[in-house]
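Listed here are the chains, written in short residue letters.
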Amino acid sequence: MPAIQLTLLSKPGCHLCDDARQVVSDVLVTIPPRDGVPSVVFDEKSILDDPELFDEYVEEIPVVLINGRVHTIWRVDPARLTNALTTELEELA
């Protein structure tokens, strides 16, 4: 089963990004691996490193993407993120 790709789009010095990163980290520890493999693969990208991401999201960061689709902008709700990841995992099973 493929893992879910969870991406946080952020930039240095962004306090909302720091908050989002903490929420994502807290949620990820609650998502168990499947067959010894992580269920969710997390990465963080700075919009300052990618001109296309910068142009698209400069006014919206932080942005959380699940499998490349926007899940949320600005504030990350832990219950909503957990529900989205759990639903996505059930659909992959």
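Residues numbered from 1 in each chain as written. Predicted model: local features only at pLDDT ≥ 70, side-chain atom pairs only at ≥ 80, totals over all residues. Heavy atoms only, no water.

## Considerations on the confidence of the model for the protein
Residues at a pLDDT of 70 or more form 99% of the protein, whose mean pLDDT is 94. Averaged over each element, pLDDT in the protein is lowest for helix α3 (residues 78-92) (93) and highest for strand β3 (residues 63-66) (98). (pLDDT = per-residue confidence, 0-100. Helix = DSSP H or I, 4+ residues; strand = E, 2+ residues; numbered from the N terminus.)

## Examining the pairing of strand β1 (residues 4-10)
Two faces, one strand: in a regular strand the side chains alternate between the faces of the sheet. The buried count for β1 comes to six of seven residues, which makes it a mostly enclosed element. When β1 meets strand β2 (residues 40-46), the two strands line up parallel, connected through seven bridges. What sits directly across from Q5, in β2, is V41. This β-α-β element, β1 to helix α1 (residues 15-28) to β2, shows right-handed connectivity. (Buried < 20%, exposed > 50% of the residue type's maximum accessible area, 1.4 Å probe, protein only. Pairing = 2+ DSSP bridges. Right-handed = clockwise from strand over helix to strand, strands pointing away.)

## Quick notes on α3
At 3.6 residues per turn, the α-helix brings residues three or four places apart onto the same side. Taking 1.5 Å per residue, 15 residues should reach 21 Å; α3 reaches 21 Å between its end C-alpha atoms and fits that length. Each element contacted by the buried residues of α3 is listed here: β1, α1, β2, β3 and β4 (69-73). For α3, the capping residue at the N-terminal end is D77, with a side-chain oxygen 3.2 Å from the backbone nitrogen of A79. (Expected span 1.5 Å × (residues − 1). Contact = heavy atoms within 4.5 Å. Polar contact = N/O pair within 3.5 Å; in protein donor to acceptor, adjacent residues only side chain to side chain.)

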